[in-house]
Amino acid sequence: MRPADRLVRAGLAAAGALLLYGVAATLPAYWVFLATSAVVSGVLLQSLGVVAGRAGLVSLCQAAFAAIGAWTTAQLNVWAVPGGLWVWLPLAGLAAVPLGVLVGLPALRLRGVHLAIVTLGFAATVDVVLATSSFPGVAQGLTVGRPAGLAAERQYFLFCCGVFALVAVALAVVGRTRLGISWRVLRESERATAAAGTGVPGAKLSAFAVSAFVAGLSGALLAGQLAMVVSRNFDPGQSLTAYAVAVMAGAHHAEGALLGGALGVLISELLRRFEIPQQWANVVFAVGALQAFTQGSGLSDALRARLRRLPLRRLPLPRPSETPSTAPSSPDQAPLPPPQPATALQVSGLGVRFGQVTALHQVTLTVPGGTVHGLVGPNGAGKSSLVDAITGFVPCTGTVFLSGTDLTTAPAHRRARAGLRRTFQQDRVPTTLTVEEYLRFTARRHLTHEDLAEALHDLVDLPPTHRIEELDTGTRRLLEVAGALLARPVLAVLDEPAAGLGQAETERLGAWLNTAPARFGAAVLLIEHDLDLVRATCERVTVLDFGTVLAEGPPAEVFATPEVLRAYLGEEVTA
Amino acid sequence: MLQGLLSGLAAGGTFAALGLLLTAMYRLTATVNLAVAAIGVAGVYVMAALTESGLPYGVAAAAGVAAGALLSAGCGAVMVRWFAAGDAQTRTAVSIAQLIGIIALAYILFGDTPRVLPNPASGAAAELAGVVITWATPALLALAALLGGGTHLLLTRTPLGLRLRAMAERPVTTELLGIGTRRPAVVLWAATGGLAALVLLLVAPVRSSDILSLSMLIVPACAAALVGGLTRLSGALLGGLALGLLEGVLAGSAALREYRDAVPFAAILLILMWTRRREVWDAAR
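The model shown is predicted, which means the values in this text are computed figures rather than measured ones.

1. Some words on the overall build of chain B
Logical step 1: Along the backbone of chain B there are twelve helices and two strands.
Logical step 2: For 285 residues, the compact-globule estimate of 2.2 N^0.38 gives 19 Å, and the C-alpha radius of gyration of chain B, at 19 Å, lies within 12% of that figure.
Logical step 3: The principal-axis extents of the C-alpha atoms in chain B amount to approximately 60 × 50 × 35 Å.
Logical step 4: Looking at chain B alone, contacts between residues at least 24 apart form 74% of all its contacts between residues at least 6 apart.

Laid out in structure tokens, this is it:
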């Protein structure tokens, strides 16, 4: 971040704090209470922003997590645990975490509609349990007490604002770390997450755990605000409404969560003033959520998009193509890539079966270090199955060794971390990241702007701040290839990188691939239908047909053998 | 035990019928319509309002079914108008928004005081092991069986079923083939809404008359549909019946009565986790 930006942010934060203080000091008590409600539900919406907004996992049980937080607070109050809300609040958040992980466990196998159903069922179950066993202290008429300094409504309002701001800042900081970026990648593709060396289970469970923690905080805040909570405060209807509001407001941004909370309170207050039934608020949220679904984004995204279009303080961004001084004019000054092993990849006796179908049988493949090796074959020959098997996305028999290390039983993300990277035939580059965020995420190592410029300068002309959703498919493809090699793997497996590229782009890719082993210290296994590209880049090539190796050798020799001509090129052998 | 099983039959028929509606809608419209029970509830309340104003039950019930159909057609129209090309997750999320809206509108129109709902099938059909079985039980079971059979025939034997299946899997391709699918889709939504109202008319008087808790019948209905993986009608039918019987048995046990709604859910979760244990990745390749 530039110093000017930092100054602006600090100024905004100070102005916000001052404004809040003014609000708390001047507003009538009733409005302070309402504002507190808005902030508390804003915290709940932030929790949805993590799991649903960022990680894309449908969660219809956030109110249940909040209920755990409120229940814990009430119990700590009954026990008269010292420290008051200052201590109870984090404890309440922590108490919700195991539940979050518990709900996250099914999410490892269930997604989309199944996950929606399971989380809704979980909300209903927690509701049943809470309705039968009332909150601690309620039976004795014991209210949740506030410690000194938080007793007045105005003080409590500021306290809630502080918690909201803390959560917002923490989430913003986490959002820039590997963990936060992994949630956003997960939203688009689990396979892409694992291929970048990040475990999918960890990403999912952490999203649920963090989300449950934040929801638990909101439950504790609510318990402190109302002094006595009942199960109705957390019924499944609340979870559903929170989901709709989070979608409508775009709760993955802090301002969206705050906006959602404020809208909820404002609408319900307006309805009360005009003596209209409160339920109309939910109708508004339902329509708002439908509107957000048709747009594909919520209010906060729309706001940010509008701000981005404003001509405010738009400094020209340094483009790598305009700053040739950073390009590797002197490659010997660049840090040397790690030494290359004699054998990058050694696959022996590899077999893959899908039920009764044998996709691959006894495949043996060796890729020497520092070379580009081709893998070709007609459609259905088993090329993509081989890629999936080598990189750990499909169970297989046989052995896979990467520079002498046995990776046969390692899961996909561990293979990626060990230096076995891959790209996908499908477009799996996460669209919500910027070019720079994506490359840093896949590379898993510190990258300077020079590193980025060096990797991209003769492949794609892209400013690092560019958002991936604005790129065309061909550019994304090249970016994915660059990301895989920037990780400096032992071996990068590129699955049809030239598919969908134009002639000029393909030639540029070929030239770039030729220099890749020397620049990144990586061997390349290139799966490709474009035989010109294979001839131009590969030292050796393996031909696959019907799941077995048909031929192996230098391209010129292999493409001249009669079996290959017959099987792959479909030509009749006349000799 | 036997008493519990017998008293669980009606619930089993309900879960099976709603589960079948969910399964049929998932296969034909690629939507897990979480609002389907709420639509039925709306039909029940229209019926209740009309009987209170003096209309005979038959007319009021027919109007309730029509209201359910109309409401569901409205939801379906929104779905085909704006979310025809959306994936199942988006369409299901849209149905969540519709669920919230429907529940809220039902509270606005009919108030939140529980009302006494007329029961068309309160007469005793039989008495077994000391349990009086009202006509609602065989009616619900027959309805579930009819729904299962009818949907099976629609899916496998009719050109309309083929079109709708094509539309559910590849909406854009189907449109490009010149097959107009929007009107049949809305008609299908209307039909499921009417049927949901019919199921709820039978079950609401004996279960509860609270709008939210009736709408939450969607949870066991989803569980039933999940037994069939959201695609197999037989699984939804048997799953619904099994869930109902389990609920009946648990209701008979003093220790577990309070948690009878939670136990079947846990069972379903385990079944789901087991059947989908190999679904390691989000996309097939």
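That was the structure; now back to the text.
2. A short note on the overall build of chain A
Logical step 1: Regarding its fold elements, chain A presents 22 helices and ten strands.
Logical step 2: In terms of principal-axis extent, the alpha carbons of chain A reach across some 95 × 55 × 45 Å.
Logical step 3: For chain A, buried positions account for 51% of its 575 residues.
Logical step 4: If you take every contact in chain A between residues at least 6 apart in sequence, the share linking residues at least 24 apart comes to 75%.

3. Some remarks on the sheet that holds strand S1 (residues 343–354) of chain A
Residues and elements named next belong to chain A.
Logical step 1: Reading across the sheet, the four strands line up as S2-S1-S4-S5 and stay open at both edges, with antiparallel pairing between neighbours. For this open sheet the edge positions go to strand S2 (357–368) and strand S5 (405–406), each flanked by a neighbour on one side alone.
Logical step 2: Pairing of S1 with S2, which is carried by eight bridges, proceeds in the antiparallel orientation. Within S2, the position partnered with Val-347 by the bridge is Leu-365.
Logical step 3: Along the sheet, helix H14 (residues 383–391) contacts S1, S2 and strand S4 (397–402); its crossing angle with S2, the most-contacted strand, is approximately 65°.

4. Looking at the sheet that holds strand S10 (residues 548–553) of chain A
Residue and element names in this part refer to chain A.
Logical step 1: Read from one edge to the other, the open sheet built from six strands follows the order S6-S7-S8-S3-S9-S10, with strand pairing classed as mixed. Strands with a single pairing partner mark the edges of an open sheet, and in this sheet they are strand S6 (420–422) and S10. For this sheet, the mean inter-axis angle between neighbouring strands, taken without regard to orientation, is 20°.
Logical step 2: Across the sheet, H14 lies against strand S3 (372–376), S6, strand S7 (491–495), strand S8 (523–527) and strand S9 (540–545), angled at about 150° from S7, the strand it touches most.

5. What to know about the environment of A:Ala152
Logical step 1: With respect to the helices, strands and loops of the structure, A:Ala152 is situated in the loop between helix H5 (112–132) and helix H6 (153–176).
Logical step 2: It is 20 Å that separates the C-alpha atoms of A:Ala152 and A:Pro82, two residues lying 70 residues apart in sequence.

6. Re the nonpolar core
Logical step 1: Counting residues in hydrophobic clusters, the biggest one holds 290 residues, and the most contacted among them are A:Ala244, A:Leu491, B:Leu18, B:Leu21, B:Ala37 and B:Leu200.
Logical step 2: Those residues in contact with B:Leu200, other than ones at most four positions away along the chain, are B:Ala37, B:Gly40, B:Val41, B:Gly43, B:Val44 and B:Leu214.

7. Remarks on the pairing of strand S2 (residues 131–134) of chain B
Residues and elements named next belong to chain B.
Logical step 1: Relative to S2, strand S1 (residues 124–128) is paired through four bridges, and the arrangement is antiparallel. Bridge pairing links Ala-126 to Ile-133 in S2.
Logical step 2: Taken together, S1 and the strand that follows it, S2, pair antiparallel across an intervening segment of two residues, in which Ala-129 is found at a positive phi of about 50°.

8. Some thoughts on the interface of chain A and chain B
Logical step 1: Listed by partner, the interface residues are 41 residues for chain A and 42 residues for chain B.
Logical step 2: Residue assignment for the side of chain A that touches chain B shows that the elements contributing at least two residues are H5, helix H8 (190–195), helix H10 (236–249) and helix H12 (280–295) of chain A.
Logical step 3: For the side of chain A that touches chain B, the element with the most residues is H5(A), which contributes 13 residues.
Logical step 4: Here the side of chain A that touches chain B is composed, by residue class, of 25 nonpolar, twelve polar and four charged.

9. A short note on the confidence of the model for chain B
Logical step 1: Chain-level pLDDT for chain B is 87 on average; 99% of the residues reach the 70-or-more range.
Logical step 2: Across chain B, helix H3 (residues 57–82) of chain B holds the top mean pLDDT of 95, while helix H12 (residues 262–275) of chain B sits lowest at 76.

10. Looking at helix H3 (residues 62–78) of chain A
Logical step 1: Taking 1.5 Å per residue as the helical rise, H3(A) with its 17 residues ought to reach 24 Å, and the 25 Å between its terminal C-alpha atoms agrees with that figure.
Logical step 2: Backbone geometry just downstream of H3(A) places A:Ala80 in the positive-phi region, at approximately 55°.

11. Focus: unusual backbone geometry
Working note: non-glycine residues mostly have negative phi, and peptide bonds are mostly trans.
Logical step 1: Phi at A:Glu275 is positive, roughly 55°, even though this residue is not glycine.
Logical step 2: Within the secondary structure, A:Glu275 sits in the loop between helix H11 (254–273) and H12.
Logical step 3: If you check the backbone angles, B:Leu230 has positive phi at about 65° while not being a glycine.
Logical step 4: By the secondary structure assignment, B:Leu230 is in the loop between helix H10 (218–227) and helix H11 (233–251).
Logical step 5: When the 21 C-beta atoms within 10 Å are taken as the criterion, B:Leu230 is described as buried.

12. Some thoughts on helix H2 (residues 29–54) of chain A
Residue and element names in this part refer to chain A.
Logical step 1: Taking 1.5 Å per residue as the helical rise, H2 with its 26 residues ought to reach 38 Å, and the 36 Å between its terminal C-alpha atoms agrees with that figure.
Logical step 2: Of all the bends found along H2, the most pronounced is centred on Leu-48 and spans about 35°.
Logical step 3: At the exit of H2 stands Gly-56, carrying a positive phi of roughly 70°.

13. Here's the deal with the environment of A:Gly84
Residue and element names in this part refer to chain A.
Logical step 1: By secondary structure assignment, the location of Gly-84 is in the loop between H3 and helix H4 (85–107).
Logical step 2: Note: C-alpha distance between Gly-84 and Arg-146 (62 residues apart in sequence) is 6.5 Å.
Logical step 3: Discounting residues that sit within four places of it in the chain, Gly-84 has contacts with Arg-146 and Pro-147.

14. Some thoughts on the packing of H11(A) against helix H13 (residues 299–309) of chain A
Residue and element names in this part refer to chain A.
Logical step 1: Where H11 meets H13, the axes come as close as 8 Å, and the angle between the chain directions of the two elements is 130°. By the angle between their directions, the pair H11 and H13 is classed as oblique. In this structure, H11 crosses over H13, and the sense of that crossing is right-handed. Packed against H11, whose contacting residues are Glu-255, Gly-256 and Leu-259, the element H13 presents Leu-299, Ser-300 and Leu-303 at the interface.
Logical step 2: Among the residues forming the contact of H11 with H13, the class breakdown is three nonpolar, two polar and one charged.

15. Remarks on the confidence of the model for chain A
Logical step 1: Summing up the model confidence of chain A, the mean pLDDT is 88 and the portion of residues at 70 or higher is 93%.
Logical step 2: Mean pLDDT across the secondary structure elements of chain A bottoms out at helix H1 (residues 3–26) of chain A, with 82, and peaks at helix H9 (residues 200–226) of chain A, with 96.

16. Describing the environment of A:Val169
Logical step 1: On the secondary structure map, A:Val169 appears in helix H6.
Logical step 2: C-alpha separation for the pair A:Val169 and A:Ala254, spaced 85 residues apart in sequence, amounts to 8.6 Å.

17. Some details on the pairing of S7(A)
Residues and elements named next belong to chain A.
Logical step 1: Counting buried residues in S7 gives five out of five residues, a clear majority hidden from the surface.
Logical step 2: Relative to S7, S6 runs parallel, the two sharing three bridges. Across the sheet, residue Arg-422 finds its bridge partner in S7, namely Val-493.
Logical step 3: As paired strands, S7 and S8 are joined by five bridges and run parallel to one another. By the bridge assignment, Asp-495 is partnered in S8 with Ile-527.

Calculation notes
Residues numbered from 1 in each chain as written. Chains lettered and ligands numbered in written order. Predicted model: local features only at pLDDT ≥ 70, side-chain atom pairs only at ≥ 80, totals over all residues. Helix = DSSP H or I, 4+ residues; strand = E, 2+ residues; numbered from the N terminus. Rg over C-alpha atoms; globule rule 2.2 N^0.38 Å. Contact = placed C-beta atoms within 7 Å. Buried ≥ 20, exposed ≤ 12 C-beta atoms within 10 Å, placed from the backbone. Pairing = 2+ DSSP bridges. Axes fitted to C-alpha atoms, helices over the stretch in contact; angles between N-to-C directions. Core = buried A, V, L, I, M, F, W, Y, C linked by C-beta atoms within 7 Å. Nonpolar A, V, L, I, M, F, W, Y, C, P; charged D, E, K, R; others polar. pLDDT = per-residue confidence, 0-100. Expected span 1.5 Å × (residues − 1). Bend = angle between axes of the 7 residues up to and from the residue. Parallel < 35°, antiparallel > 145°, perpendicular 65-115°, else oblique. Left-handed = near helix turned anticlockwise from the far one by under 90°.

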